Amino acid sequence: MKNDFFKGIVQWEMPFKKLPGKVPIFYFDNTSMTAVFTASTKKVMKYLPHLDMWPVEVFPGRCAIGFTAFEYRKSDIKPYNEFAISVLITFGKRSIPGVTLMSWQLKRTFTAYIWHLPVTTEIARAGGVELYGYPKFIAGIKFKKRKEWLECHLSEGKKHILTLRGKVLPTSRGKPMLYKTFSIKDGIPLSANVNINPIEFAQRMAGAHAELDIGTGHPICRELREIRLGKRPLTYQFSPVNQAILYPPKNLLDS
């Protein structure tokens, strides 16, 4: 696989001696799938940790929550799996219901608060927590590919948290995308850019292209039920082959 996507980007060693690796972090060979569901804006607001974070609304009263499963087969911090539960937000000003999300789709630029971010390796957990302030914890994240579906099972210990199931779609070369992630570290809001190179990509709007099954007995399960998720996804993205670059975070209080 050619790595022209990474050409000319300078990396430096992690600022923590106990965390080997470089930043920006390069992800050379990945699979990902994302399903975006609507949720109650009022219920979601209580989980946003900063007053400048505003949920992006699809229509008044209903905001957007993203569920993304990642399989990183080759990266600067070795192979691992990850599952992101994120709230699409604007920072500093309210979104315009429907309009903001549509403009993001056209620009292929998205911003989100990382609500939960379980991973499968300690280096991924420690680096994400120490440098980015991401809410990471070690979990079981297992993929299973069937003829027409790709499944990702998320669990912690013996507790099943959720299963994300998405259609295996015909793909084509996708256009580059930018994700700006938001997190909180020591009470300070941080943002970090993620550039995505979707080598194989497909997207579907609405329909029955993805399913989310929520487990029981885990705190995340209770939170997801509380926010009153929609039954069907608003958007589904399937990318069996992609590359990514995660840049170091920026302290938003200094901007």
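Each remark here, short or long, concerns the structure printed above.
An account of the accompanying structure is given in this report.

Rules used in this analysis
- Residues numbered from 1 in each chain as written.
- Predicted model: local features only at pLDDT ≥ 70, side-chain atom pairs only at ≥ 80, totals over all residues.
- Heavy atoms only, no water.
- Pairing = 2+ DSSP bridges.
- Helix = DSSP H or I, 4+ residues; strand = E, 2+ residues; numbered from the N terminus.
- Axes fitted to C-alpha atoms, helices over the stretch in contact; angles between N-to-C directions.
- Contact = heavy atoms within 4.5 Å.
- Salt bridge = Lys/Arg side-chain N within 4 Å of Asp/Glu carboxyl O.
- Buried < 20%, exposed > 50% of the residue type's maximum accessible area, 1.4 Å probe, protein only.

A short note on the sheet that holds strand 11 (residues 159-167)
Strand-to-strand pairing in sheets goes through backbone hydrogen bonds, with the strands running parallel or antiparallel.
Part 1: The sheet built from four strands is open, its strands ordered 9-10-11-14 with antiparallel pairing. Looking at the sheet topology across the chains shown, the edges are occupied by strand 9 (140-145) and strand 14 (210-214). Strand-to-strand, the axes of this sheet are offset by a mean angle of 15 degrees, without reference to chain direction.
Part 2: Examined bridge by bridge, strand 9 and strand 10 (residues 149-156) share six bridges and lie antiparallel to one another. Note on strand 10: the bridge partner recorded for Phe143 is Cys152.
Part 3: The sheet strands contacting helix 4 (residues 219-226) are strand 11 and strand 14, and the helix crosses strand 11 at an angle near 55 degrees.

Here we look at unusual backbone geometry
Both trends apply: most residues other than glycine have a negative phi, and most peptide bonds are in trans.
Part 1: Cis peptide bonds are those with omega within 30 degrees of zero, and the linkage from Val23 to Pro24 qualifies with -10 degrees.
Part 2: Structurally, Pro24 can be placed in the loop between strand 2 (22-23) and strand 3 (25-40).
Part 3: Located in the positive-phi region is Lys78, a residue other than glycine, with phi close to 70 degrees.
Part 4: Mapped onto the fold, Lys78 is located in the loop between strand 6 (62-75) and strand 7 (80-91).

Regarding the pattern of salt bridges
Part 1: Following the criterion strictly, the structure yields nine salt bridges and no others.
Part 2: The closest approach of N and O atoms between Glu211 and Arg165, which form a salt bridge, is 2.8 Å. Of this pair, Glu211 sits in strand 14 while Arg165 is found in strand 11, placing the two residues 46 residues apart along the sequence.
Part 3: Classification of Glu211 as partly exposed rests on a relative accessible area of 35%.
Part 4: Looking at Arg165, the relative accessible area reads 15%, which means it is buried.

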